[in-house]
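Summary of structural features
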Amino acid sequence: MFQNQPVSFSGVQPSGNLTIGNYLGAIRNFSHFSENYKCFYCVVDEHAITVRQVPAELRRRTYETLALYMACGLDPEKNTLYVQSQVPAHAELGWILNCFTMFGELSRMTQFKDKSAKHADNINAGLFTYPVLMAADILLYQTDVVPVGIDQKQHVEICRDIATRFNQLYPDTFTIPEPVIPKSGMKIMSLAEPTKKMSKSDENTNAVVYILDDRDTIIRKFKRAVTDSGTEVRYAEGKDGINNLMTIYASFTGKTFEEIEREFEGKGYGDFKLAVGEVCADALAPVQDTFKRYISDKAMLEAQMKKGAQEASYYANRTLSKVQKKLGFVQVRG
Ligand code: ATP
Ligand code: LTN
């Protein structure tokens with residue numbers, strides 16, 4: 001579709017303030033593909049409404065997520081940045097793929113099980129078919145790679161299964177995508193309960209470091225991070241708190257665990273926590289400065305959204321039309 005250029009696609013929900021988990025596990029890695037891939041990065045607002053949202057907040061966060069994509073180094077000239085609901089082909093292909101997805105396979109999705117336990121009063125059909133819309137997002141662009149955190153691997157796998165099933169019935173329709181998961185930062189854990197994923201929808205804001213937290217807040221949160229009763233900075237089975245802090249430090253500095261252990265030999269957890277806070281705050285400062293500039297320019301963001309949606313629609317509609325033709329939908333031109 002793109003003169004033999006491979007395609008990268010990913011998405012982030014505007015369902016809360018973005019965290020360093022979103023940054024290290026996903027957004028930071030999107031830009032690695034900008035040079036050699038055709039890149040589509042989407043703000044997936046249709047996914048976000050699978051749990052209740054306050055409309056004004058959803059709107060604000062949609063602008064913020066786009067501004068953060070740009071502040072994290074995604075140049076809109078090199079990447080198609082857009083909002084999912086502004087490209088209707090996503091929902092249309094999502095419906096079609098619902099008819100090629102089995103109830104049983106959706107029932108096995110761990111995110112569905114987690115989210116339905118968390119939102120027991122609102123286990124809606126959208127929460128259940130969430131992975132089907134995600135498959136539509138990916139398949140519309142004939143995507144080769146999907147940069148995501150490890151928690152999304154299962155969703156990319158079901159997308160591959162749906163695409164393979166469809167291709168068996170209607171050959172040569174979809175490219176089968178591969179997940180690309182970072183070695184370091186694939187899963188950042190909560191600072192309060194380090195066996196749980198750091199999540200933007202966590203109610204305990206001290207457990208989560210947001211990309212837009214100021215320096216003092218970042219340092220305070222790391223100082224209070226839960227660790228075991230030991231003192232040595234060493235990566236070891238069962239020491240979830242310190243392992244998580246080492247993962248964060250490694251992701252921001254590029255250092256290996258052995259290098260970190262050597263650096264902090266003879267020093268205690270207190271020194272280490274302060275150092276993690278400092279590297280995190282230093283790395284986020286330029287992102288925050290750029291973000292402030294972009295978020296204050298709503299007209300620019302809207303122009304980018306419009307341009308992104310037009311570009312994305314062009315490619316998405318080509319795949320949608322191919323699928324509709326294969327299925328036997330009548331297409332009239334003109
Ligand atoms: P929510 O809490 O609303 O479910 P989330 O924080 O899990 O949201 P998503 O929008 O679902 O965030 O995820 C966007 C991307 O960030 C995905 O690729 C996901 O794998 C990645 N991601 C989210 N949290 C983490 C984390 N703690 N560590 C690494 N990657 C993460
Ligand atoms: N489900 C993803 C967000 C998402 C996504 C996508 C990621 C929606 N559509 C397509 C990659 C590709 C999540 O992070 N929870």
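Residues numbered from 1 in each chain as written. Chains lettered and ligands numbered in written order. Predicted model: local features only at pLDDT ≥ 70, side-chain atom pairs only at ≥ 80, totals over all residues. Heavy atoms only, no water.

On to the pattern of salt bridges, then. Evaluation of the coordinates by the stated rule reveals 15 salt bridges. E35 is the salt-bridge partner of K78, the closest N and O atoms lying 3.1 Å from each other. Separated by 43 residues along the polypeptide, K78 in the loop between α3 (55-71) and β3 (79-83) and E35 in the loop between α1 (20-30) and β2 (38-43) bring together distant segments of the chain. The residue R60 makes a salt bridge to E64 at a minimum N-O spacing of 3.0 Å. You can see R60 and its partner E64 sitting in helix α3, 4 residues apart, about one turn around the helix. The buried category is assigned to E64, whose relative accessible area is 15%. Beyond isolated ion pairs, a larger network of salt bridges with shared partners links E193, K196 and D202. (Salt bridge = Lys/Arg side-chain N within 4 Å of Asp/Glu carboxyl O. Helix = DSSP H or I, 4+ residues; strand = E, 2+ residues; numbered from the N terminus. Buried < 20%, exposed > 50% of the residue type's maximum accessible area, 1.4 Å probe, protein only.)

Our next topic: the site of ligand 1. Around ligand 1, 21 residues are found, and the nearest of them are K115, D151, K197, S199 and S201. One of the backbone nitrogen or oxygen atoms of I188 is found 2.8 Å away from a nitrogen atom of ligand 1. Taking M198, its main chain carries an N or O atom lying 2.9 Å from a nitrogen atom of ligand 1. Protein contacts shield 97% of the accessible area of ligand 1, which totals 600 Å² for the unbound molecule. Here the shell around ligand 1 is composed, by residue class, of 6 nonpolar, 10 polar and 5 charged. (Near = heavy atom within 4 Å. Polar contact = N/O pair within 3.5 Å; in protein donor to acceptor, adjacent residues only side chain to side chain. Areas by Shrake-Rupley, 256 points an atom, 1.4 Å probe, with all protein chains shown as cover. Nonpolar A, V, L, I, M, F, W, Y, C, P; charged D, E, K, R; others polar.)

Another point: α1. Most of α1 is tucked away: 10 of the 11 residues are buried. Burial in α1 covers these residues: I20, G21, N22, Y23, L24, G25, A26, I27, N29 and F30. The backbone nitrogen of G21 lies 3.0 Å from a side-chain oxygen of the residue at the head of α1, namely T19.

Quick look at the pairing of β2 now. Most of β2 is tucked away: 6 of the 6 residues are buried. Here β2 shows no split at all, with K38, F40 and C42 on one side and C39, Y41 and V43 on the other all buried. Pairing geometry for strand β1 (residues 7-12) and β2, over 6 bridges, is parallel. Residue pairing in the sheet places S10 in a bridge with Y41 of β2. Remark: the β1/α1/β2 crossover connection has right-handed handedness. (Pairing = 2+ DSSP bridges. Right-handed = clockwise from strand over helix to strand, strands pointing away.)

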